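# Fold and geometry: a report
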Amino acid sequence: MRIRNHIIDVFERAEAEPNLERRRALLTFVVAGGGFSGSELAGGLNDFARGMTADYLSLSTAELRIILVHSRDKSYPN
């Protein structure tokens with residue numbers, strides 16, 4: 001629930017942000033760990049955030065970035 005509420009809060013702030021660079025920074029989410037949990041979280045976050053753009057018409061999916069950071073050569077499921 002905390003992550004969900006945080007994402008909604010970020011979308012609210014991004015919608016009100018006139019500066020495109022700042023808005024893109026707000027819409028950048030970083031997930032640490034490319035194991036099963038991190039990969040699942042990044043995928044779920046991607047689906048949820050892209051679905052949120054339907055409710056925030058001034059925001060574009062092109063402004064949204066989900067970054068998965070992993071310390072190994074390969075991430076899950078490789």
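Quick notes on the rules
Residues numbered from 1 in each chain as written. Predicted model: local features only at pLDDT ≥ 70, side-chain atom pairs only at ≥ 80, totals over all residues. Heavy atoms only, no water. Helix = DSSP H or I, 4+ residues; strand = E, 2+ residues; numbered from the N terminus. Buried < 20%, exposed > 50% of the residue type's maximum accessible area, 1.4 Å probe, protein only. Contact = heavy atoms within 4.5 Å. Phe/Tyr/Trp six-rings, centres within 6.5 Å; stacked < 30°, edge-to-face > 60°. Pairing = 2+ DSSP bridges.

### Here's the deal with the overall build of the protein chain
- From N to C terminus, the protein chain includes three helices and two strands.
- For the protein chain, the N- to C-terminal ordering of α and β elements is α-α-β-α-β.
- Taken along the three principal axes of its C-alpha coordinates, the protein chain extends 40 × 25 × 20 Å.
- Taking all 78 residues of the protein chain together, 29% fall into the buried category.
- Look at the contacts in the protein chain between residues 6 or more apart in sequence, and 69% of them connect residues 24 or more apart.

### Observations regarding the packing of aromatic side chains
- Per the counting criterion, the structure on display carries one aromatic pair.
- For the pair Phe11 and Tyr56, a centre-to-centre distance of 5.6 Å together with 45° between the ring planes defines the contact as tilted. Residue Phe11 is found in helix H1 (residues 2-16), and its partner Tyr56 is found in the loop between helix H3 (36-52) and strand S2 (65-69); the two are separated by 45 residues along the sequence. In this pair, the class of Phe11 matches that of Tyr56, namely buried.

### A short note on the pairing of S2
- As paired elements, strand S1 (residues 28-32) and S2 share five bridges and run parallel to each other. Bridging across to S2, Phe29 finds its partner in Ile66.

The analysis is restricted to geometry; functional conclusions fall outside its scope.
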